[in-house]
Amino acid sequence: MFSPTRRGRALDLCLAVLMLAGTACGAGAPAAPVSMPGPVAAPPEASLVRRQKPRKAPQPKAAPAPARTSPAPARPLHAARVDSAALERAVTKEYAHWPLAIALARRSGNPEVAEQAAAALVREAQRLRLSPSLLGAVLLIENTPLDPTAVSSQGAIGLMQVMPVHRGSYGCFADLVNVETNICHGASILKHMVRRTNSIALALRKYNGCVRGRNTPRCYRYPIRVMRTASRLRREILLTAADSTLNMQEALAASPRRTSAGRELVSSADSADSDIQSSAISCASFFGCLRSRWTMKY
């Protein structure tokens, strides 16, 4: 093996011999220049020669087909609850006291007093923030025929049976026989009891005189009777207002009137202990009949 230096010298010697031989063979023709072989480029790698395949754009996935299911059963529609107290306030605001007056007249047979009492009840209900039907129910339970001069065996006076001890209190006038004044006393007493007890049922018991330690038989049924009557009154008020063909004044004037002959006192179905309407009671005098009814009730 030769070293690189010697190898280069031998290569140069061979080239010189070749040049001389070419000159000799060419008979004096000028020798063509011999170019040195240039460096041969290495072949490119196979990985670079390969053409890169174009990448396919990702196609959106198709949404899965919805599974076939049986249709859900339709839910029954429930009736929306309606606030009857709000409806009563709206009806009272639009029609004033007329629907209540018609309801009181139908139950009492006294349309003249029913109109005055209804106007006073609506006014006091707005002032004290009470329901007109609640005050009207107390009035009907206490004095079904709407007699302003009625006096009970205990001394209670007027439409709402106010005791004389409350005369002139709560900012009301002292005349308990007057329709507006008596209702002013009764509504104020009931509102005072509601504020003290924070319960309509307890307030009605106190209004009725159900005091602990006293003999008041069946007084615990008084709130139930009043609330039942109030519910019926409210329903009648709403139905009367819903009848667009009804003339309020004509309907009040056409209400059945109770005859004054014999002074028959007919207790309404709400003032009795049962839902069955009691029969007419014939009395020798009005006060005697009222005393008999009061004793039977309480």
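Above this text you will find the structure in question.
What you see is a predicted model, and the numbers here were worked out from it, not measured in a lab.

(A) Region of the structure containing helix α6 (residues 132-142). Of all eleven residues that make up α6, eleven are buried, and the element is covered over most of its length. Within α6 the residues assigned to the buried category are P132, S133, L134, L135, G136, A137, V138, L139, L140, I141 and E142.

(B) Region of interest: the pattern of salt bridges. The final tally for this structure, using the stated rule, is four salt bridges. Between E112 and R257 there is a salt bridge, and its shortest N-O distance comes to 2.4 Å. Taken together, the residues span a long stretch of sequence, with E112 in helix α5 (residues 111-128) and R257 in the loop between α10 (248-253) and α11 (286-297) at a distance of 145 residues. Accessibility expressed as a relative area gives 47% for R257, which makes it partly exposed. When the shortest N-O distance is used, the salt bridge between E124 and R127 registers 2.5 Å. One end of the pair, E124, and the other, R127, are both in helix α5, three residues apart, so they sit about a helical turn from each other. Since its relative accessible area comes to 6%, E124 is described here as buried.

(C) Local environment of unusual backbone geometry. One non-glycine residue, L146, lies in the positive phi region at around 55°. You can see L146 is positioned in the loop between α6 and α7 (179-197). Using a relative accessible area of 0% as the deciding quantity, one classes L146 as buried. Even without being glycine, N198 reaches a positive phi, approximately 55°. Note that N198 resides in the loop between α7 and α8 (200-207). Judged by its relative accessible area of 71%, N198 is exposed.

Quick notes on the rules
Residues numbered from 1 in each chain as written. Predicted model: local features only at pLDDT ≥ 70, side-chain atom pairs only at ≥ 80, totals over all residues. Heavy atoms only, no water. Buried < 20%, exposed > 50% of the residue type's maximum accessible area, 1.4 Å probe, protein only. Helix = DSSP H or I, 4+ residues; strand = E, 2+ residues; numbered from the N terminus. Salt bridge = Lys/Arg side-chain N within 4 Å of Asp/Glu carboxyl O.

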